[in-house]
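# Summary of the model geometry
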Amino acid sequence: MDIHQSSTVLDALIHVREEIDGTLGLRCACRASICGSCGMRVNGQAKLVCKTRVEELSPDGETLLVEPMGNQPVIKDLVVDISSFFAKMEQVTPFLQPDKLPESGEFIASNDSMEKLLTEMNCIMCGLCVSDCTVLEVDNTFIGPAALAKASRFVYDPRDDKTEERLKFLNYEQGGIWDCTRCMQCVEVCPKGVAPMDRIMALREKVMDAGHTNTNGARHATAFVDSVRHSGWLDELKLPIKSFGIFNLKAMISLIPLAIRSQRAGKVPPLIHKNIPEVENVRRIFDKVENKK
């Protein structure tokens, strides 16, 4: 169908449902990018169709492809089952857990502490980040960007007294903060600037600062930093050994197929790892960053 360039994709879909095919299934409510219910994929990328204008993606009248969101079962047409989305939210205990209630009145939090949470609190739980998460495409045990961003909101809330328990869960639980591959898709599609990946990276730093470093993910991050600081570039041969431990035979064996595929693709790291020229400049960068903390 043809649609006016200034119209939104949702306008077009409602026109289809009202005038062309009344059986079309879709979700929408506020039409103001507040409720988050009209998430769909347009030309392969998750978007809120109520704020996506046709002219943005089709300046010269190109055909638009509208599909249901990814990583969630389709119920009908453009409607997906969001049960798993909320189940993952429940995993991170998305509510305050104070040890004791105030004797009178309410919890008082400083403006400064609340302003630091504004980014996470902007989340409207539309699920766009979940739709385009590349980890969830291959591993449904990953808690996911939306739930981890929600976890960040309570980890940094001064009224919550379960920070330690939350960090332990996010650090050790399969599918937690260390499974994010930093593909940036959640950052690109988020309509509210929550940037879930940035929240996950902040949680990683919080976990390590709290002393929870005895996990594959934490050791991987430490080994990565140590390698670059020492030689100026990554020693890919030592990285898995330092991440999993040389005596972790199960992990080492599991990496053999990946090593074979890498070798066939010509991506074999050098056996002798040498420092880059003027590596001291890289080390100075590390020292400067660390001194700022």
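The following paragraphs examine the structure supplied in this document. (Residues numbered from 1 in each chain as written. Predicted model: local features only at pLDDT ≥ 70, side-chain atom pairs only at ≥ 80, totals over all residues. Heavy atoms only, no water.)

## Regarding the pattern of salt bridges
- What the rule picks out here adds up to 12 salt bridges.
- A salt bridge links Glu290 to Arg229; the shortest N-O distance between them is 2.7 Å. One end of the pair, Glu290, is in helix H15 (residues 279-292); the other, Arg229, is in helix H11 (residues 216-231), with 61 residues separating them in the sequence.
- For Arg229, a relative accessible area of 26% puts it in the partly exposed group.
- Each of Arg153, Asp157 and Arg159 takes part in one network of salt bridges that share partners. (Salt bridge = Lys/Arg side-chain N within 4 Å of Asp/Glu carboxyl O. Helix = DSSP H or I, 4+ residues; strand = E, 2+ residues; numbered from the N terminus. Buried < 20%, exposed > 50% of the residue type's maximum accessible area, 1.4 Å probe, protein only.)

## A short note on empty space enclosed by the protein
- This structure, assessed with the given rule, holds two cavities of 30 Å³ or more.
- Put simply, the largest cavity is a space of about 110 Å³.
- Around the largest cavity, the lining comprises 16 residues; the ones closest to its centre are Cys123, Cys126, Cys129, Cys190 and Val194.
- Every element with two or more residues in the lining of the largest cavity is listed here: helix H6 (128-131) and helix H7 (145-155).
- Sorting elements by how many residues they give to the lining of the largest cavity places H7 first, with three residues.
- Taken as a whole, the second largest cavity spans an internal volume of roughly 80 Å³. (1 Å grid on protein atoms, 1.4 Å probe; cavity = no way out; pocket = protein on both sides within 12 Å on 5 of 7 lines; lining within 4 Å. Points joined across faces, edges and corners; volume = space filled by probe spheres on them.)

## Details of the layout of surface pockets
- Considering only enclosed or pocket space, the largest pocket measures out at about 1800 Å³ in volume.
- Lining the largest pocket are 48 residues, and of these His220, Ala221, Phe224, Leu239 and Ser243 sit closest to its centre.
- Contributing elements (two or more residues each) for the lining of the largest pocket: helix H8 (163-172), helix H10 (196-209), H11, helix H12 (238-244), helix H14 (256-264) and H15.
- Residue contributions to the lining of the largest pocket peak at eight residues, all from H11.
- Taken together, the residues of the lining of the largest pocket break down into 24 nonpolar, 13 polar and 11 charged.
- By volume, the second largest pocket is sized at about 320 Å³.
- Forming the walls of the second largest pocket are 15 residues, and the residues nearest its centre are Met1, Ile3, Val54, Glu62 and Leu64.
- Looking at the lining of the second largest pocket element by element, the count peaks at four residues for helix H1 (residues 9-20). (Nonpolar A, V, L, I, M, F, W, Y, C, P; charged D, E, K, R; others polar.)

## Brief notes about the nonpolar core
- Among the nonpolar cores identified, the biggest contains 26 residues, and Val92, Val130, Phe142, Ala146, Leu148, Leu170 and Ile177 are the most heavily contacted of them.
- When contributions to this core are tallied by element, the ones reaching two or more residues are helix H3 (83-91), H6, H7, H8 and H10.
- Here this core gets five residues from one element, more than from any other, and that element is H7.
- Once residues within four sequence positions are removed from consideration, Leu148 is found in contact with Phe142, Ile143, Leu170, Gly176, Ile177, Ile200 and Leu203.
- Core analysis: the next-biggest nonpolar cluster, separate from the first, contains 21 residues, Val9, Val42, Met69 and Leu128 among them. (Core = buried A, V, L, I, M, F, W, Y, C linked by side-chain atoms within 4.5 Å. Contact = heavy atoms within 4.5 Å.)

Read these as spatial facts, not as claims about activity.
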